[in-house]
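Report on the structure
Given next are the chains, with one letter for each unit.
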Amino acid sequence: MKTATKTVKSKISKPSGKTGKMENSEFHDFFIDELKDIYWAEKHLVKALPKMQKAATSTELAGAFEKHTQETQEHIQRLEKVFELLGEKASAKKCDAMAGLLEEATSIIEDTKSGTMVRDAGLILAAQKVEHYEIGTYGTLRTFAENMGHTDVQALLQQTLDNEKETDIALTKAAEGFINEEASAE
Ligand code: FE
Ligand code: FE
């Protein structure tokens, strides 16, 4: 615990040496903390997605939200497996970033009229911000797991990362489809 007073920032910027392995448990603790953060994020997202599904105008977008709700359940289960593999209790720690993104999604629903394409455009925007946040998080955590030699954890995080990327692509397609639909209605 002698280095406990150092900031997280200084730990990250410190090179890990030739082995690529983090030498102390401090980094391990940081990794666990970040897993708790994304665990909180997923657990709150899974409750928000059905609301976004209900708010959506197009059946395609509603379907995309329904699909991702099920996938998000899997992301939660995968994180629980990750905690288990690391010998840690699965616990959530408030993720301010996800809380903010979900707040934004709620305001978009409040500020747009039901049954409009503007509502859907707003929902796509909110959802893609969430997916990009998740892609950034899982991408980094996957690399951390790799650096620490946790191959099994790395594989699980990679699976979720791949799914988040697929979801982002599906949302882009929904946005393109909706633009075409809007254009053809004119
Ligand atoms: Fe997710
Ligand atoms: Fe996601």
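Provided above is the structure to which this section pertains.
Please read all numbers here as calculations on a predicted model, not as lab measurements. (Residues numbered from 1 in each chain as written. Chains lettered and ligands numbered in written order. Predicted model: local features only at pLDDT ≥ 70, side-chain atom pairs only at ≥ 80, totals over all residues. Heavy atoms only, no water.)

1. A short note on the coordination of the iron ion (ligand 1)
We apply this condition: In this description, a donor is an N, O or S atom within 2.8 Å of the metal centre, a cutoff extended to 3.2 Å for sodium, potassium and calcium. Water is not part of the atom list, which can make sites seem incomplete. A run of H or I in DSSP becomes a helix once it reaches four residues, and a run of E becomes a strand once it reaches two; helices and strands are each numbered from the N terminus.
Looking at the iron ion (ligand 1), one finds its protein donor set to be Glu42 (OE), Glu42 (OE), His75 (ND1), Glu134 (OE) and Glu164 (OE), positioned 2.0 to 2.4 Å from the metal centre. We note that the donor set of the iron ion (ligand 1) lies within a single chain, spaced as E-x32-H-x58-E-x29-E. In this model, the iron ion (ligand 1) sits 3.2 Å from the iron ion (ligand 2), the two metals being bridged by Glu134. Taken as a pair, Glu42 in helix H2 (residues 25–55) and His75 in helix H3 (residues 59–85) lie far apart in primary sequence, 33 residues in all.

2. Some points on the coordination of the iron ion (ligand 2)
Protein coordination at the iron ion (ligand 2) comes from His68 (NE2), Glu131 (OE), Glu131 (OE), Glu134 (OE) and Glu164 (OE), with a distance range of 2.0 to 2.5 Å. Along the chain, the residues donating to the iron ion (ligand 2) fall in the pattern H-x62-E-x2-E-x29-E.

3. A look at the side chain of Glu134
Threshold: Only heavy atoms matter for contacts: two residues are in contact if any of them lie within 4.5 Å across the pair.
Inspection of the secondary structure assignment puts Glu134 in helix H5 (residues 117–147). Leaving out residues up to four positions away in the same chain, Glu134 has contacts with Ile38, Glu42, Leu45, His68, Met98 and Glu164.

4. Considering H2
Note the cut-off: The span expected for a helix works out to 1.5 Å for each residue beyond the first. Bend is the name given here to the angle between axes fitted to two runs of seven residues, the run ending at a residue and the run starting at it.
Along its 31 residues, H2 runs 45 Å from first to last C-alpha, staying within 8% of the 45 Å computed at 1.5 Å per residue. At Val46, H2 shows its maximal kink, close to 30°; a proline, Pro50, follows between one and four residues later.

5. Notes on the environment of Lys81
Note the following rule: Under the scheme applied here, a residue whose accessible area is under 20% of the maximum for its type counts as buried, over 50% as exposed, and between as partly exposed, the area being computed with a 1.4 Å probe on protein chains only.
Within the secondary structure, Lys81 sits in helix H3. Overall, the relative accessible area of 38% leaves Lys81 in the partly exposed class. Sequence separation between Lys81 and Leu156 is 75 residues, and the spatial gap between their C-alpha atoms is 8.4 Å.

6. Description of the pattern of salt bridges
Note the following rule: A carboxyl oxygen of Asp or Glu within 4 Å of a side-chain nitrogen of Lys or Arg is what we treat as a salt bridge.
On inspection of all chains with the given rule, the structure shows six salt bridges. Measuring nitrogen to oxygen at the nearest pair gives 3.8 Å for the salt bridge that ties Glu74 to Arg78. Of this pair, Glu74 and Arg78 both sit in helix H3, separated by four residues, roughly a single helical turn. When its relative accessible area of 16% is taken as the criterion, Arg78 is described as buried. Here Glu104 ties to Lys129 by a salt bridge, and the two come within 2.6 Å at their closest N and O atoms. Within this pair, whereas Glu104 is found in helix H4 (residues 96–111), its partner Lys129 is found in helix H5, the two being separated by 25 residues in sequence. Accessibility expressed as a relative area gives 30% for Glu104, which makes it partly exposed.

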